[in-house]
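# Per-entry structural report
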Amino acid sequence: MGSEVQSAHPNRPPWFWLPVLGLVALLVSFMIANNARSRVSQNDREFRSAQEVRLHEIETHIDDYFGKAIQLVETGAQTLGPVVDDSARVRQLVQELFRSRSTHQIYGVGAYYAPGAFSTANPDGLFSIYYSAARNGNTVEHLHDPNVVPPYTSYDWYRRAVRTPSGPRFSGPYWEGGRDYISTVQALRRDGKVVGVMAVDALTQTFRQENMASLLGPGDIAWIESSEGHDKVLVTTAPLPTDGDWIGNTILLHYTHAHIHIWSNAATLRAANERIITGSFILALAIWFFAGILGASLMQIWRSRQRAFALEQERTRLENEIAVGKRVESELRKAAFTDELSGLPNRAAFMESTSEAIARAKSGVRYAVFFIDLDRFNMINETLGHPFGDELLKSIAARLHDQLAPRGSVSRLGGDEFLVLAPVDDSELGAYAQRMLEIVHEPMLLGGRLLYSGASIGVVAVDPQYQRPEELLRDADIAMYEAKSRGRGCYAVFDTAMRTRVAAESDLENDLRRAIERHEFVPYYQPIFNVRTDAVSGFEALARWRRPGSGVVGAAEFIGYAERRGLVDAIDTALMEDVCRDGAAIFEAFPDATVSVNVSAVHLTVPDFAASIDSALHAYSMRPEQLKLEITETAIMRNPDQARATLRLLQGNGVKIVLDDFGAGHSSLAYLHRLPIEGVKIDQSFIMPLATDQNAVAIVRSIVALAKTLDLYTVAEGVETAEHLEIVRQIGVDHAQGFFFSAAVPLGSVVSSAARTTA
């Protein structure tokens, strides 16, 4: 199409008609000689009549503009003058005034409060806001920095508005921000006092072109001059002539103190009249002049056709570019809504589809969202590598798409997470989710390996209560984690109780973090008794939370959650500090006792943990042998090498190590001789059934015998009855603790009990 446009040509220049035009002009010159005198008079009348018509047209356009501008500026002054300390209100009002303008010639609307007139809180501050039209027709907001004093108080338009007793003023042109403006301004008054200026602006170029220049004839010059005594030229369509033969007319503008002048170069008229009067020679010259004008018109027509031809070429080029742009836009949209790895729709596409499903749900069409998260996918990446994991994701994506596409839309959220949006009734949710589990569980052959994968699925039904896709995604995610908590490889349908539970866990986490900052965790001490002498041999420090509004909370209610959220390290550190501080009071009351503190797995992996314990002991003058650290088998197994190294450092510093909850975890006899431990605590799960279960008696007896063989002392946890105490004493256990003796008590109770015993 472009080549066809290139081969076409506009009409050729009218060179043939120019000689013909000259002959016609020669004949007409003789005919005009007879009515020369009447034509001179007629020319004068027509000349001035045309000037007056153009002048009144200009006046009408300018008065129309200023009428609208004055109406707008008066409305703004009445509305914005009383506003104080409400920048949002000013912004809204100015924006509404700007949008209500009835002509596009009004380029901007602004309010400029004087320093201290807007904010009572900041007497030296100022406020101004200005809305204008950008080149593309959008609205642009200009807000002056309140920390920088703008220079508008020095502008003529601002001073003129302030000096005016009442009513709007016309000012311009003035230069600001790279543009030339004509303004209609009026002072903002509050209780009769000037507090600022309201301004309605037009671009000088727009004002000049649409209200003046477009209405002028060839060779005309128009300008507006102030009538306030300083002879200021406000707007002109061209530089004012300093010489030549000009005829002018003047009129006073209705809305402003200014005059409109129009001058027309009368040289042609004067020459024509002189030629008519002085003879045929001058008259013929005038005929030739008009012939020249006609020839110029023919040339102008030809040029117009050339421009039209050029515009047609440009239009064709733009159409081609638009077609290319649409193709590019289509490709970009596809890329923006497609997951690069799997080729499935991505999160953005899912959000868009879900928005439509929410809208349809309000009309009774039921949909459901299925959040699929692959189980233990990170093991694939860690053992076989990320490229292998990517291949697995692509295979699962293809399988889900192929088997669910006829009914459901499959998207990839990211990582190992997929989303399915399907028109499923509530009664079909379980069957549809089970079908997805079967699809994912089917083995697949990748790279010569037969792989089995699994998934946990969260299901949420789309109902009218949802307003945004993010809400559905949130609840589907909650349901998916509920499925994982049930053992993985299953699905869970969302209900509001899940959201309540998640919110409660979030509140618990926030409270735990605040509790750490506010030092709300304190040690309570449970005594440990020597089974043979019934004397206190030590205390176990147990964490308690003085939770505001809940009293003292036991560790069972928060320690597991703190471990999952990585907060137990900070709790243990604070507890260790308090135990070392309390040591002086405890050992004064019980000189031969020791204090046991539980140590989490996190501490055993910290290289400087032993040094921090030693520092705390020195800070409170506590001897290392008075402190026992209780560790669990599970904590050791997380990083055995690092745990052994840390424990040996602690033992070298004099701190005693006790193996806690022995028998309850992955018990291994190897720990009893490979680790630097001095005793074992028999888990209460073996102590509780001693009175009724002979197998429990046999197990505890075996543990005690083994410990004695390795020269380790034993502690029985959970002794709650006299019968428990008698059995562990007969078996040969060295120490015991439990509710039979005492629950965990605060430091004050420990000290007071010692005082009572002494008394």
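All residue numbers refer to position in the chain's written sequence, counted from 1. Per-residue local features are limited, in this predicted model, to residues with pLDDT of at least 70; the limit for side-chain atom pairs, both in listing and counting, is 80 or more; totals at the level of whole chains, interfaces and linings are taken over all residues. Hydrogen atoms and water are omitted, and side-chain values are computed over all heavy atoms in the structure.

### Let's talk about the overall build of the chain
The line we're drawing: The helix and strand labels rest on DSSP assignments: H or I over at least four residues marks a helix, E over at least two residues marks a strand, and numbering proceeds from the N terminus. Throughout this description, buried means an accessible area under 20% of the type-specific maximum (1.4 Å probe, protein chains only), exposed means over 50%, and partly exposed covers the range between. Should any heavy atoms of two residues lie within 4.5 Å, those residues are considered in contact. Each accessible area is a Shrake-Rupley result for a 1.4 Å probe, and residues are judged covered by the shown protein chains and nothing else.
Looking only at helices and strands, the chain has 25 helices and 26 strands in total. Looking at the 759 residues of the chain, the share that counts as buried comes to 44%. Here the analysis covers contacts within the chain between residues at least 6 apart in sequence; of these, 64% occur between residues at least 24 apart. Summed over all atoms, the accessible surface of the chain reaches about 38900 Å², with 53% contributed by carbon and sulfur.

### Describing the nonpolar core
The following threshold applies: Only buried residues count toward a nonpolar core. Its members are Ala, Val, Leu, Ile, Met, Phe, Trp, Tyr and Cys residues joined through side-chain atoms within 4.5 Å.
In this structure, L80, Y113 and W157 are the most contacted members of the largest nonpolar core, which totals 63 residues. If you tally residues by element for this core, the top one is helix 3 (residues 36-80), at 11 residues. In this view, W157 contacts Y112, Y152, S171, Y174, E176, V185, V197 and A199; residues no more than four positions away in its chain are not counted.

### Structural notes on a nonpolar patch on the surface
To keep it simple, the criterion reads: A patch is a set of surface residues, each over 30% in relative accessible area and not in a salt bridge, joined within 9 Å for like charges and within 5 Å for the nonpolar side chains Val, Leu, Ile, Met, Phe, Trp and Tyr. What makes a salt bridge here is a side-chain nitrogen of Lys or Arg within 4 Å of a carboxyl oxygen of Asp or Glu, nothing more.
A surface patch of nonpolar side chains, about 270 Å² in accessible area, is lined by F289, F290 and I293. One can find F289 in helix 8 (residues 280-336). The exposure class assigned to F289 is partly exposed, which follows from its relative accessible area of 36%.

### Examining the environment of F529
Counting through the fold element by element, F529 comes out in strand 18 (residues 521-530). Taking the C-alpha atoms as reference, F529 lies 9.4 Å from G738; in sequence the two are 209 residues apart. Those residues in contact with F529, other than ones at most four positions away along the chain, are D534, A535, V536, S537, D734, H735, A736 and F741.

### Section: the pairing of strand 10 (residues 258-265)
Quick note on the threshold: Here the rule is simple: two strands pair whenever DSSP picks up at least two bridges between them.
Bridge count between strand 7 (residues 220-226) and strand 10: seven bridges; the pairing is antiparallel. Across the sheet, the residue bridging to S226 is A258, located in strand 10.

### Side note on helix 13 (residues 469-485)
Put simply, the test is: Expected span, for any helix, means 1.5 Å times one less than how many residues it has.
When the terminal C-alpha atoms of helix 13 are compared, their 25 Å separation across 17 residues agrees well with the 24 Å that a helix rising 1.5 Å per residue should span. One or two residues past the end of helix 13 sits G487, with phi positive at roughly 120°.

### With respect to the sheet that holds strand 11 (residues 367-374)
Strands pair in a sheet through their backbones, by hydrogen bonds, and they do so in one of two ways: parallel or antiparallel. Note the following rule: Structural elements are reduced to axes, namely lines fitted to C-alpha atoms, with helices fitted over the stretch in contact, and the angle between N-to-C directions of any two is expressed from 0 to 180 degrees.
If you walk across this open sheet you meet the five strands as 12-13-11-16-17, and the pairing is mixed. Where the open sheet ends on each side, the last strands, each with one partner, are strand 12 (409-414) and strand 17 (491-493). Strand-to-strand twist in this sheet, taken as the mean axis angle between neighbours without regard to direction, amounts to 20°. Where strand 11 lies against strand 16 (residues 455-462), eight bridges are found, and the strand directions are antiparallel. The partner of V369 across the bridge, within strand 16, is V460. Those strands touched by helix 11 (residues 386-404) are strand 11, strand 12 and strand 13 (417-422), and its axis lies near 5° from that of strand 13. In this fold helix 12 (residues 429-441) packs onto strand 11, strand 13, strand 16 and strand 17, with an angle of close to 150° to the strand it touches most, strand 16.

### A word on the sheet that holds strand 10
Read from one edge of the open sheet, four strands run 8-7-10-9, paired in antiparallel fashion. On the outer flanks of this sheet lie strand 8 (233-236) and strand 9 (246-252), each paired with one strand and no other. The average undirected angle you get between the axes of adjacent strands in this sheet is 20°.

### A few points about the packing of helix 9 (residues 347-361) against helix 13
The relative placement of two packed helices is expressed as an angle between their axes plus a distance between the axes. To keep things clear, this is the line we draw: Should an angle fall under 35 degrees it is taken as roughly parallel, and over 145 as roughly antiparallel, whereas 65 to 115 is taken as roughly perpendicular and any remaining angle as oblique. Polarity classes work like this: nonpolar for Ala, Val, Leu, Ile, Met, Phe, Trp, Tyr, Cys and Pro, charged for Asp, Glu, Lys and Arg, and polar for all others, with Gly in that last group.
At a closest axis distance of 9 Å, the pairing of helix 9 and helix 13 adopts a crossing angle of 105°. Taken together, the axis directions place helix 9 and helix 13 in an arrangement best described as roughly perpendicular. Here R347, F350, M351, T354, S355 and I358 of helix 9 come into contact with helix 13, specifically with P469, E470, L472 and L473. Its residues placed into classes, the contact of helix 9 with helix 13 shows six nonpolar, two polar and two charged.

### Structural notes on the confidence of the model for the chain
To keep it simple, the criterion reads: Scored between 0 and 100, pLDDT is the confidence that the predictor attaches to each residue.
Overall, the predicted model of the chain reaches an average pLDDT of 81, with 86% of residues at or above 70. Of all the helices and strands in the chain, helix 1 (residues 2-7) carries the lowest mean pLDDT, 42, while strand 26 (residues 735-736) carries the highest, 95. In this model residues 1-8 is a low-confidence stretch, pLDDT under 50, and it forms seven contacts with partners more than four residues away in sequence or in other chains.

### Comments concerning the layout of surface pockets
For the record, the criterion: Points on a 1 Å grid over protein atoms alone make up a cavity when a 1.4 Å probe fits among them but cannot get out, and a pocket when they form an open set with protein on both sides within 12 Å along at least five of seven lines; lining residues each have an atom within 4 Å of a point. Grid points are joined across faces, edges and corners, and a volume is the space filled by probe spheres set on the points.
By volume, the largest pocket is sized at about 1100 Å³. L542, I559, N598, D660 and D661 are, among the 39 residues lining the largest pocket, the residues nearest its centre. Sorting elements by how many residues they give to the lining of the largest pocket places strand 19 (residues 536-547) first, with five residues. Roughly 580 Å³ of internal volume is contained in the second largest pocket. Taken together, 18 residues make up the lining of the second largest pocket; nearest its centre are F47, P218, N265, T268 and F290. Looking at the lining of the second largest pocket, the elements with two or more residues in it are helix 3, strand 10, helix 7 (267-278) and helix 8. For the lining of the second largest pocket, the element with the highest residue contribution is helix 3, accounting for seven residues. In terms of residue class, the lining of the second largest pocket is made up of eight nonpolar, six polar and four charged.

### Notes on the environment of G217
Along the chain, the position of G217 falls in the loop between helix 6 (204-211) and strand 7. Classification of G217 as buried rests on a relative accessible area of 19%. Note: C-alpha distance between G217 and R54 (163 residues apart in sequence) is 8.0 Å.

### Section: the pattern of salt bridges
Counted by the stated rule, this structure contains 26 salt bridges. Taking the shortest distance from any N to any O, the salt bridge between E726 and R729 comes out at 3.2 Å. Of the two residues, E726 and R729 both sit in helix 24 (residues 722-731), three residues apart, roughly one turn of that helix. For R729, a relative accessible area of 22% corresponds to the partly exposed category. Taken together, the shared-partner salt bridges in this structure form one network comprising D373, D375, K484 and R488.

### Re the pairing of strand 13
Side-chain positions along a regular strand alternate between the two faces of the sheet. Where burial is concerned, most of strand 13 is hidden: six out of the six residues are buried. With burial as the criterion, each face of strand 13 is covered, one bearing E417, L419 and L421 and the other bearing F418, V420 and A422. Pairing geometry for strand 11 and strand 13, over six bridges, is antiparallel. In the strand pairing of strand 13, D373 is matched with E417. With five bridges connecting them, strand 12 and strand 13 associate as antiparallel partners. What sits directly across from V410, in strand 13, is V420. If you look at the hairpin formed by strand 12 and strand 13, you'll find two residues sitting between the two strands, and G415 has a positive phi there, around 60°.

### Regarding the packing of aromatic side chains
As a reminder, the rule being used: The pairing test for Phe, Tyr and Trp rings, Trp by its six-membered ring, is centres within 6.5 Å, and the orientation test on the planes gives stacked under 30 degrees, edge-to-face over 60, and tilted for anything in between.
This model, assessed by the stated rule, comprises 19 aromatic pairs. Judged by centre distance (6.1 Å) and plane angle (45°), the ring pair of Y107 and Y181 falls under tilted. You can see Y107 sitting in the loop between helix 4 (87-99) and strand 1 (108-113) and its partner Y181 sitting in strand 5 (residues 179-190), a full 74 residues away along the chain. Residues Y107 and Y181 agree in their burial class; the two are buried.

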